[in-house]
Amino acid sequence: MTQDEMKQAVARTACDYVAEHLPVGAILGVGTGSTANYFIDQIAGIKERLGGTVASSEATARRLAGHGIRVFDLNDVEAVGMYVDGADEIDGSMAMVKGGGGALTREKIVAAVARTFVCICDDSKRVGTLGRFPLPVEVIAMARAHVSRELARLGGRPKLREGLVTDNGNQIIDVHGLSITDPVGFETRINQIVGVVSNGLFAQRGADVLLLATLDGVQTFLR
């Protein structure tokens, strides 16, 4: 089974999980990225059960709308019953690195609102210690150099992601060479740097459920 096939398998399982655990008529939060795209294609088959969706990026909103799935602004809904999204890395405590697709801030907002956060990924994303994947940090453009210097002082090698402007009009610095042994503390420390909008550590609000695609099938882990 290829990695792409594993992504499709976990997307199907996630759709079944939503159908079983999300109350009919509830709002579903939907993430961004290749695995999330497969998931969107799957939930098109159960869209009548959904009260609507909240998208974590403009790209996700377009894909949902293309399937005829109703998309709400987060400010217009009272609650998000479940949020389903992928991860670039996830550790045993359900802390994640996200933001490879550049949507980390909106993903983090939707995750904060959702009652249940379901992470969907293949087993190449499961790690003992976060940091192998560069940590994305969304920054205000005028603070880019300052934030880069501060991130270097924390032990990373910051590099501007060229040619990308986020949906929020900001830039992303990818921090290489980290070994994140205290994800909650490190997430807080980066957020305190002036000019940082958010960072791709999802540790204070980690996943509640992990659906992990492996060569032996999709496994379910609970926090």
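Scroll up for the structure.
1. Notes on the sheet that holds strand β1 (residues 27-30)
Part 1 of the reasoning: Taken in spatial order, the seven strands make up an open sheet running β3-β2-β1-β4-β7-β13-β14, and their pairing is mixed. Both edges of this open sheet fall to β3 (71-72) and β14 (217-222), since each of them pairs with a single strand only.
Part 2 of the reasoning: Here β1 pairs with strand β4 (residues 80-85) via three bridges, running parallel. Its bridge partner lying in β4, Val 30 is registered against Val 84.

2. Here's the deal with the nonpolar core
Part 1 of the reasoning: Val 18, Leu 28, Phe 39, Ile 43 and Val 84 are the most contacted members of the largest nonpolar core, which totals 28 residues.
Part 2 of the reasoning: Of all the elements in the fold, those that place two or more residues in this core are α1 (3-21), β1, α2 (34-43), α3 (58-66), β4, β7 (114-122) and β13 (209-214).
Part 3 of the reasoning: Here the element with the most residues in this core is α1; it accounts for seven residues.
Part 4 of the reasoning: One finds Leu 151, Leu 178, Ile 180 and Ala 203 within the second-largest nonpolar core, a separate group that totals 20 residues.

3. As for the packing of aromatic side chains
Aromatic ring pairs are reported here in terms of the distance separating the ring centres and the angle at which the planes meet.
Part 1 of the reasoning: This model, assessed by the stated rule, comprises two aromatic pairs.
Part 2 of the reasoning: The interplanar angle of 40 degrees and the centroid separation of 5.1 Å between the aromatic rings of Tyr 83 and Phe 117 together place this pair among those described as tilted. Remark: Phe 117 occurs in strand β7 and Tyr 83 occurs in strand β4; sequence separation between them is 34 residues. Summarising the burial analysis for this pair, Tyr 83 and Phe 117 share the class buried.
Part 3 of the reasoning: Geometrically, the ring pair formed by Phe 117 and Phe 202 is edge-to-face, given 6.5 Å between the ring centres and 65 degrees between the ring planes. Taken together, the residues Phe 117 in strand β7 and Phe 202 in strand β12 (residues 201-202) connect sequence positions 85 residues apart. Neither residue differs from the other here; Phe 117 and Phe 202 are each classed as buried.
Part 4 of the reasoning: Among the aromatic residues, those joined into a ring-pair cluster are Tyr 83, Phe 117 and Phe 202.
Part 5 of the reasoning: Lys 108 extends its terminal NZ or CZ atom over the ring of Phe 202, reaching a point 5.0 Å from the ring centre.
Part 6 of the reasoning: Lying across the ring of Phe 221, Arg 126 places its NZ or CZ 4.7 Å from the centre.

4. Observations regarding a nonpolar patch on the surface
Part 1 of the reasoning: Together, Ile 140, Met 142 and Val 197 give the surface a local cluster of nonpolar side chains, amounting to about 320 Å² of exposed area.
Part 2 of the reasoning: Mapping Met 142 onto the fold places it in the loop between β8 (135-139) and α5 (144-153).
Part 3 of the reasoning: We classify Met 142 as exposed; its relative accessible area is 80%.

5. Some points on the state of the cysteines
Part 1 of the reasoning: Within the structure shown, the criterion is met by zero disulfides.
Part 2 of the reasoning: Residue Cys 119 stays outside any disulfide, its sulfur separated by 4.1 Å from that of Cys 121, the closest cysteine.

Rules and cut-offs
All chains use their own residue numbering, which begins from 1 and follows the written sequence. Totals for whole chains, interfaces and linings use all residues, but because this is a predicted model, local features are given only for residues with pLDDT of at least 70 and pairs of side-chain atoms are given and counted only at 80 or more. Excluding hydrogens and water, the side-chain figures rest on all heavy atoms present in the structure. If DSSP finds at least two bridges between two strands, the strands pair. Secondary structure elements follow DSSP: runs of H or I no shorter than four residues count as helices, runs of E no shorter than two count as strands, and numbering proceeds from the N terminus. Nonpolar cores are built from buried Ala, Val, Leu, Ile, Met, Phe, Trp, Tyr and Cys residues. Side-chain atoms within 4.5 Å join them into one set. Buried, partly exposed and exposed residues are distinguished by accessible area as a fraction of the type maximum, computed with a 1.4 Å probe on protein chains only: under 20%, between the cut-offs, and over 50%, respectively. Think of it this way: a Phe, Tyr or Trp ring, Trp meaning its six-membered ring, pairs with another when their centres are within 6.5 Å, and the plane angle makes it stacked under 30 degrees, edge-to-face over 60, tilted otherwise. In this analysis the charged atom, NZ for Lys or CZ for Arg, is taken to sit over a ring once it is within 6 Å of the ring centre and within 35 degrees of the ring normal. Note that patches include only residues with greater than 30% relative accessible area and no salt bridge, and the join distances are 9 Å for like charges and 5 Å for nonpolar side chains (Val, Leu, Ile, Met, Phe, Trp, Tyr). Here, Shrake-Rupley sampling with a 1.4 Å probe gives the accessible areas, and only protein chains in the shown set may cover a residue. What counts as a salt bridge is simple: a side-chain nitrogen of Lys or Arg found within 4 Å of a carboxyl oxygen of Asp or Glu. Two cysteine sulfur atoms form a disulfide, by the criterion used here, when they sit within 2.5 Å.

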